[in-house]
Every structure is written in structure tokens, then in C-alpha cells.
Amino acid sequence: MSSRDQILSLFRRRGGEFLSGQEISQALNISRAAVWKQVEQLRDLGFEIEARRSLGYRLLNGPDLLLAEDIEAGLQGDLDWTLTCLSETGSTNEDLRLLAEQGAAEGTVLVADRQSAGRGRLGRRWESPAGINLYCSLLLRPQIPPQQAPQLTFLSAVATAEALIDTFELPVRVKWPNDLLVNGRKIAGMLNEMSAESEQVHFVLLGIGVNLNMQASQFPEDLRYPATSVLLERGAVVPRMAFVRTLLEKIDKFYREYREEGFRVIRRRWEGLSDLLDQAVRVDLNPGTREGVVVGLDEDGALRLQLENGQIERILAGDVAPISGEQEKEPAGN
Ligand code: BTN
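Reference entry: report on the structure contained in this document. (Residues numbered from 1 in each chain as written. Predicted model: local features only at pLDDT ≥ 70, side-chain atom pairs only at ≥ 80, totals over all residues. Heavy atoms only, no water.)

**Quick notes on the sheet that holds strand S12 (residues 303-306)**
The strands that make up a sheet are held in pairs by hydrogen bonds between backbone atoms, and each pair lies either parallel or antiparallel.
Then comes step 1: If you trace the five strands from one edge of the open sheet to the other, you get S13-S12-S11-S10-S14, paired in antiparallel fashion. Edge strands, defined here as strands with exactly one partner in the open sheet, are strand S13 (312-315) and strand S14 (319-322). Taken pair by pair, the neighbouring strands of this sheet meet at an average axis angle of 45°, ignoring direction.
Then comes step 2: Bridge count for strand S10 (residues 280-284) against strand S11 (residues 289-297) is five bridges, and the pairing is antiparallel. Looking at the pairing, Asp-284 lines up with Thr-289 of S11. (Pairing = 2+ DSSP bridges. Helix = DSSP H or I, 4+ residues; strand = E, 2+ residues; numbered from the N terminus. Axes fitted to C-alpha atoms, helices over the stretch in contact; angles between N-to-C directions.)

**Quick look at the sheet that holds strand S9 (residues 201-210)**
Then comes step 1: In spatial order, the strands read S3-S4-S5-S9-S8-S7-S6; together these seven strands make up an open sheet with mixed pairing. Two strands bound the open sheet, and with one partner strand each, they are strand S3 (82-86) and strand S6 (172-175). Going from strand to strand, the sheet's axes swing by 20° on average, the running direction of each strand aside.
Then comes step 2: Where strand S5 (residues 134-140) and S9 come together, seven bridges link them in antiparallel fashion. Residue Leu-134 lies in a different strand from S9, and its bridge partner there is Val-210.

**Side note on the site of the ligand**
Then comes step 1: If you check the shell around the ligand, you find 20 residues, and the closest are Ser-91, Gln-115, Arg-119, Arg-121 and Lys-186.
Then comes step 2: Taking Ser-91, its side chain carries an N or O atom lying 2.7 Å from an oxygen atom of the ligand.
Then comes step 3: In the model, a nitrogen atom of the ligand is placed 3.1 Å from a nitrogen or oxygen of the Thr-92 side chain.
Then comes step 4: Summarising the interface, the protein chains cover 99% of the accessible area of the ligand, which totals 420 Å² for the free molecule.
Then comes step 5: Here the shell around the ligand gets four residues from one element, more than from any other, and that element is strand S8 (residues 185-196).
Then comes step 6: Counted by class, the shell around the ligand contains six nonpolar, ten polar and four charged residues. (Near = heavy atom within 4 Å. Polar contact = N/O pair within 3.5 Å; in protein donor to acceptor, adjacent residues only side chain to side chain. Areas by Shrake-Rupley, 256 points an atom, 1.4 Å probe, with all protein chains shown as cover. Nonpolar A, V, L, I, M, F, W, Y, C, P; charged D, E, K, R; others polar.)

**Observations concerning the pairing of S3**
Then comes step 1: For S3 and strand S4 (residues 108-112), the ladder comprises five bridges, and the chain directions are parallel. Among the inter-strand pairings, Leu-83 is bridged to a residue of S4, identified as Val-109.
Then comes step 2: Assessed by its sense of winding, the connection that carries the chain from S3 through helix H5 (residues 92-101) to S4 is right-handed. (Right-handed = clockwise from strand over helix to strand, strands pointing away.)

**Overview of the pattern of salt bridges**
Then comes step 1: What the rule picks out here adds up to 30 salt bridges.
Then comes step 2: Between Asp-113 and Arg-240 there is a salt bridge, with the nearest N and O atoms lying 2.9 Å from each other. A residue pair is termed long-range when its members are at least 10 positions apart, and Asp-113 in the loop between S4 and S5 and Arg-240 in helix H8 (residues 240-261) qualify at 127 residues.
Then comes step 3: Within the structure, one salt-bridge network assembled from shared partners comprises Glu-94, Arg-97, Glu-101, Arg-119 and Glu-193. (Salt bridge = Lys/Arg side-chain N within 4 Å of Asp/Glu carboxyl O.)

**Notes on the nonpolar core**
Then comes step 1: Membership of the largest hydrophobic core comes to 64 residues, with the highest contact counts inside it found for Leu-134 and Leu-180.
Then comes step 2: For this core, the leading source of residues is helix H6 (residues 151-168), giving ten residues.
Then comes step 3: Those residues in contact with Leu-180 that sit more than four places away from it in its chain are Ala-157, Thr-160, Ala-161, Leu-164, Val-172, Arg-173, Val-174, Arg-185, Lys-186, Ile-187, Ala-188 and Met-190.
Then comes step 4: Of all hydrophobic cores here, the second largest spans 15 residues; its members include Leu-10, Leu-19, Ile-24 and Leu-67. (Core = buried A, V, L, I, M, F, W, Y, C linked by side-chain atoms within 4.5 Å. Buried < 20%, exposed > 50% of the residue type's maximum accessible area, 1.4 Å probe, protein only. Contact = heavy atoms within 4.5 Å.)

**A closer look at the pairing of S11**
Then comes step 1: In this structure, the hairpin formed by S10 and S11 is closed by a connection of four residues, where Asn-286 is found at a positive phi of approximately 45°.
Then comes step 2: Two elements, S11 and S12, share four bridges in a ladder whose sense is antiparallel. Paired with Gly-296 across the bridge in S12 is Arg-304.
Then comes step 3: Counted along the chain from S11 to the antiparallel partner S12, the turn is five residues long, and its residue Gly-301 has a positive phi close to 90°.

Coordinates in, geometry out; function isn't part of it.
In C-alpha cells, the structure reads:
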């Protein structure tokens, strides 16, 4: 951890009380002059720090930085989370893949303040400006055969939806396979990737992007699908910290249920969050289309469609839209 993060974590543990310069210098093993320099740098970053000759320093206010130690402090659950928060990277999925290939443990998480090459599904770009949203990738090593790995995509969608609902009270719905929508606009997306042999999964990366404080003008112009953010839905800037912690706790909870009870719980929760269950839909299979009624999810995440002749067809890929609405189109990015 950098000296900056260590000082911040000391401040947070002290909960608004003064910390003497000597305490800080001892805890970090740096000189009093170096402590002063660090405090000045924090002020430059937007932290409001009061200095009093006899008492030391105290943190009054700070920007919404994502710091690993802050996020990890007091996290509940089974998974042994190991977080790294990067101020900037290309793509957290790319970075985590390299770490996973080098043997990183289950529960390793990368969070980035900004991504310069954020990736969406189907080779699309994921707009990832600094300081406002959540871009993270989580490493799991489930003991499952590769054909079950898509189930974890539904796990991440359900966990993220519940975190958004619990933290911000938003009416989040899922769109097959794994987009999260609020009032028909995309608020979050999942890019999950796996490495496997024929019988066994080595690892699964859950890549999660959530539009938290994105302004309308910050979305790319070429989006074919309307996007939104918590800021746009709630009309106020929201803190990222509380959301990340809730998200990790939800993933932990659903992953435990998944290990104990299999896909059943996640499937039921996903179906409860879907607007398309029991609805007539048209699926654009590109090429070709199918029409039918959505009757649920299969074990491998395929959408079960009941055709007019009563047969069940499994949809593995395609763009699903309600026949009445017609407005839902495959999202192009955020
Ligand atoms: C989608 O197209 O809906 C999926 C978007 C996934 C974006 C996240 S942000 C964190 C992680 N790193 C990436 O490069 N992409 C995923």
C-alpha cells in the first residue's frame, strides 16, 4: 500500500478524530516532513485535512476515491477478497486474466478508477471515464464443468441488480442474457470470461461495469441503445464506496448459495427480475428470427422459448425484444 493510502486508512480508522504527526510518522516509518508532504498531496487530490499545531491532522472530507483498504474493511462473507484499486488501466478483465494465469487466488479483485480500453460484449467498447463509475473484475475458481460456466454470468447479473436495488432503491430489471436496465435503459453490463479444459473450469472472470455517476453527455454518441446511470435516475451524485462493498457482499452470498444449492436459487432470482418471463417475444438470431413465449432459463443459461406449435426452443445467442414494445435492441456499449 502506498504512503498515501496508509495515511488515508489511518484517518478513516480514527473516524474524524485528530492524529498526531508523530503517530503517523511512526505508523508509516517516515519522517515528520514526509508526513507533511503526503498531507499536502492529499489536499491537492481534493481531501480536506485540518492541521492543528498541538493536535495533528484530521480528515474532514474527501473525494470519492476507491481504496482497497477502505473497501475491504469489515467486509462480511466467506470469500477471502484481495482487492487492488488502480487509478488507471486498459481493461481490468485483461489485467485479471494475466493474474489468474499466474495462479492468483479466488477472490482476487481489480477495480479501476478509469479504463482506457474498457471492453464490452461482442468486441464493443465500454466507456470508462475517471472518478465516476465502477469498473471491476473478480476472479472465481468454481469446481464446475465448462458448460456450467455461463451460470456465473447470471450470478453476477443478479448480484449487481440486488446491489443496485438495495443501495439506491432503483427498479432494476434484467435483460437476457446479462444486461441490467432501469426503465428500459442500460445501467450495467457484464463481461464474463473463462479458462477451462475439457472437463474442468480453471477460472472465471466476472467483469462488471456499472454507470453510477455518468452524465448524459458522457455516453458515447453512437449508442444504439439508451443508457442511463444512477445519477440520471436519482438526480444526485452517489458515493461509489458503499455500492462496491454491497456488490462484493452480494456476490459472496450468491456464490455461497450457488456452491451449496447449484443454479436453482440464481435462476429463480433472475427470472423474478426479468420482464420477459411469460411474454411474447421476437428473437433476432441474425440471420433469421423466432417468435414465442419466454418460459424460463435452462441449466446452461439458454433462454427457453415456447413456439406456437408448443415446442420448446433453446436460444443460445440473439437479441430478444417483446413483440408489443419492439423498442428493445441489443445494447452497443454502456
Ligand atoms: C457489456 O457489453 O454489457 C459488458 C460491459 C462490461 C464492462 C466491464 S468494466 C470492468 C470490466 N473490464 C472491462 O474491460 N470490461 C468489464
